[in-house]
Amino acid sequence: MSTRTPLMAGNWKMNLNHLEAIAHVQKLAFALADKDYDAVEVAVLPPFTDLRSVQTLVDGDKLKIKYGAQDISAHDSGAYTGEISGPMLAKLKCTFVAIGHSERRQYHHETDEIVNAKIKAAYKHGLTPILCVGEEESVREEGGHVAHTLAQVDGALKDIPAEQAETIVIAYEPVWAIGTGKVCGADDAQEVCGAIRGRLAELYSQELADAVRIQYGGSVKSGNVAEIMAKPDIDGALIGGAALDADEFVKIVRFRDQ
Ligand SMILES: O=C(CO)COP(=O)(O)O
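A quick note: this is a predicted structure, and the numbers were derived from the prediction, not measured. (Residues numbered from 1 in each chain as written. Predicted model: local features only at pLDDT ≥ 70, side-chain atom pairs only at ≥ 80, totals over all residues. Heavy atoms only, no water.)

> Looking at this model, I keep getting lost on the confidence of the model for the protein chain. Mind explaining?
Do not read the fine detail of predicted coordinates wherever pLDDT is low. Per-residue confidence for the protein chain gives a mean pLDDT of 96, with 99% of residues at or over 70. Of the two predicted TM-score estimates for the complex, the pTM is 0.97 and the ipTM is 0.99. (pLDDT = per-residue confidence, 0-100.)

> Is there a simple way to think about the site of the ligand in this case?
In the vicinity of the ligand there are 13 residues, among which K13, H101, G179, S219 and G241 approach most closely. With respect to the ligand, the side chain of E173 contributes an N or O atom lying 2.9 Å from an oxygen atom. G241 has a polar backbone atom sitting 2.8 Å from an oxygen atom of the ligand. When isolated, the ligand has an accessible area of 310 Å², and the protein chains bury 95% of it. Looking at the shell around the ligand residue by residue, the class counts come to four nonpolar, seven polar and two charged. (Near = heavy atom within 4 Å. Polar contact = N/O pair within 3.5 Å; in protein donor to acceptor, adjacent residues only side chain to side chain. Areas by Shrake-Rupley, 256 points an atom, 1.4 Å probe, with all protein chains shown as cover. Nonpolar A, V, L, I, M, F, W, Y, C, P; charged D, E, K, R; others polar.)

> In this structure, what is going on with the nonpolar core? I would like to understand it.
Taken as a class, soluble globular proteins show a tendency for nonpolar side chains to be buried jointly. Core analysis: the largest hydrophobic core is formed by 71 residues, its most contacted members being M8, I119, I196, Y216 and I239. If one sorts the elements of this core by residue count, helix α10 (residues 186-203) sits on top with seven residues. Ignoring anything within four residues of it in the chain, the contact list for I119 reads I99, P129, L131, A156, I160 and I168. Within the second largest apolar cluster, eleven residues are counted, among which are A43, L45, C132 and A171. (Core = buried A, V, L, I, M, F, W, Y, C linked by side-chain atoms within 4.5 Å. Buried < 20%, exposed > 50% of the residue type's maximum accessible area, 1.4 Å probe, protein only. Helix = DSSP H or I, 4+ residues; strand = E, 2+ residues; numbered from the N terminus. Contact = heavy atoms within 4.5 Å.)

> Explain the sheet that holds strand β3 (residues 66-69) to me, please; I cannot follow it from the model alone.
Note: strands within a sheet are paired through backbone hydrogen bonds, in either parallel or antiparallel orientation. Pairing is parallel around the closed barrel formed by eight strands, whose spatial order is β1-β2-β3-β4-β5-β6-β7-β8. Within the sheet, the average angular offset between the axes of one strand and its neighbour, ignoring direction, is 25°. Two elements, β3 and strand β4 (residues 96-99), share two bridges in a ladder whose sense is parallel. In the sheet register, A69 faces β4, and the bridge partner there is V97. Running at roughly 160° to strand β1 (residues 7-11), helix α13 (residues 246-253) makes contact with β1, β2 (41-45) and β8 (236-239) of the sheet. (Pairing = 2+ DSSP bridges. Axes fitted to C-alpha atoms, helices over the stretch in contact; angles between N-to-C directions.)

Structure representation (structure tokens):
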């Protein structure tokens, strides 16, 4: 029986301004009781412009909700117009940072090398990476989904020592299931999440592999989360669209009640 605490993280993507963010986090705080937080770790990943507002709320009201960013620069400072650095996120007391989301890979041409550099930047500044991996539909149709996803894991973790890797969160997000309503079947998600854990055991140790949390992401809703969470190698979810509705996100956090 796994001792891994499930992590339910809402990736808001480019949604909710800072005022909406405050209202949303207040709703979550109001709806979630202490026992919910004990059973499940809850996090939100708002746009950069919301982080200060979320931090002020979480700090001021001593909320148990964690928060983080959707991306990080590989550089600490300098002439990188539009970028946000690790030191800036650390100063805002972010816990998490999503790295290598498929939308970053697709629209911003992020390669495994860039993802690896960003993971190093996150660890350098005490942030926990949520490494996003997963295949496109054509890759799955050809049966290459496991190999493709493991190659992304290998690239992302290059030269990352065990004492850092043991805290990583890995989100398996098949690209074809993101925002499409096409949820990956629980058995299919388990196949890849189990393979990721196996690869962590090969790269590091079984002990490390058993400690790392692996999430599933892609059209997760309150109606399908329980089935996904019943799988042995799935330790949480990275939720997009459904995380924008506070009531729905709370139902997902309470997946054991479904
Ligand atoms: O990309 C995702 C989370 O990072 C998943 O998005 P959806 O839940 O909207 O499919």
